[in-house]
Amino acid sequence: MRTNFDFAPYRRSTVGFDRLFDLLETSARTDTENYPPFDIEQQGEDQYRITLAVAGFRPDEIEIVAQNNQLTVKGDRAEEGDAGRYLHRGIATRAFERRFQLADFIVVQDASFDSGLLRISLKREIPEAMKPRKIEIGTAAPAANDRLEAPQPKHKAA
């Protein structure tokens, strides 16, 4: 079941959300391929892990690129010369390209490969300038000319 949603009313009343609406419209239009299968796991408040099942691939046949809030994982396997010996090939080893849109300040920490699973660790690293900071409220010290002095009695010289 496919539903189209019109974001035009929201585009008219918001500023700076163009990228978000573009992502939502693009993801609604494209048919997503399901190879290779993957999991996205939240490991903490600011930590995530993507796990891709890439059976049949070696680590040197997989490329991971993070650029402009997008993570791209590509796999390309060289053709084997003795392909005629197989009676059945159930392990998919076709080339793939999987893209993940990353939120702002999400960085790739590392990647590991074990038992046909590619694990990519991600972390949200907000720069110090973007973090909320508490502003101390101070009191102003009165300036010298702002101090009220007691009026001095005026005496006439006799």
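Each remark here, short or long, concerns the structure printed above.
Everything numeric here is computed off the predicted structure, so don't read it as measured data. (Residues numbered from 1 in each chain as written. Predicted model: local features only at pLDDT ≥ 70, side-chain atom pairs only at ≥ 80, totals over all residues. Heavy atoms only, no water.)

This part covers the sheet that holds strand β4 (residues 70-75). Taking strand neighbours across the sheet as the criterion, the 3 strands line up as β3-β4-β5 in an open arrangement whose pairing is antiparallel. Edge positions in the sheet fall to β3 (62-67) and β5 (96-101), since each of these pairs with one other strand and no more. Taking the axes of each pair of neighbouring strands and ignoring which way they run, one obtains an average angle of 15° across the sheet. Bridging between β3 and β4 involves 6 bridges; their strand directions are antiparallel. (Pairing = 2+ DSSP bridges. Helix = DSSP H or I, 4+ residues; strand = E, 2+ residues; numbered from the N terminus. Axes fitted to C-alpha atoms, helices over the stretch in contact; angles between N-to-C directions.)

Successive residues of a regular strand alternate their side chains across the two faces of the sheet. With burial as the criterion, only one face of β5 is covered, namely that bearing F96, R98 and F100; the residues E97, R99 and Q101 on the opposite face remain uncovered. Pairing of β4 with β5, which is carried by 6 bridges, proceeds in the antiparallel orientation. The residue bridging T72 from the neighbouring strand is R99, located in β5. (Buried < 20%, exposed > 50% of the residue type's maximum accessible area, 1.4 Å probe, protein only.)

A few words now on the pairing of strand β7 (residues 117-124). Two elements, strand β2 (residues 47-53) and β7, share 7 bridges in a ladder whose sense is antiparallel. Pairing of L52 across the sheet is with L118, part of β7. Inspection of the sheet shows strand β6 (residues 106-114) paired to β7 by 8 bridges, in the antiparallel sense. Its bridge partner being in β7, V107 is matched across the sheet by K123.

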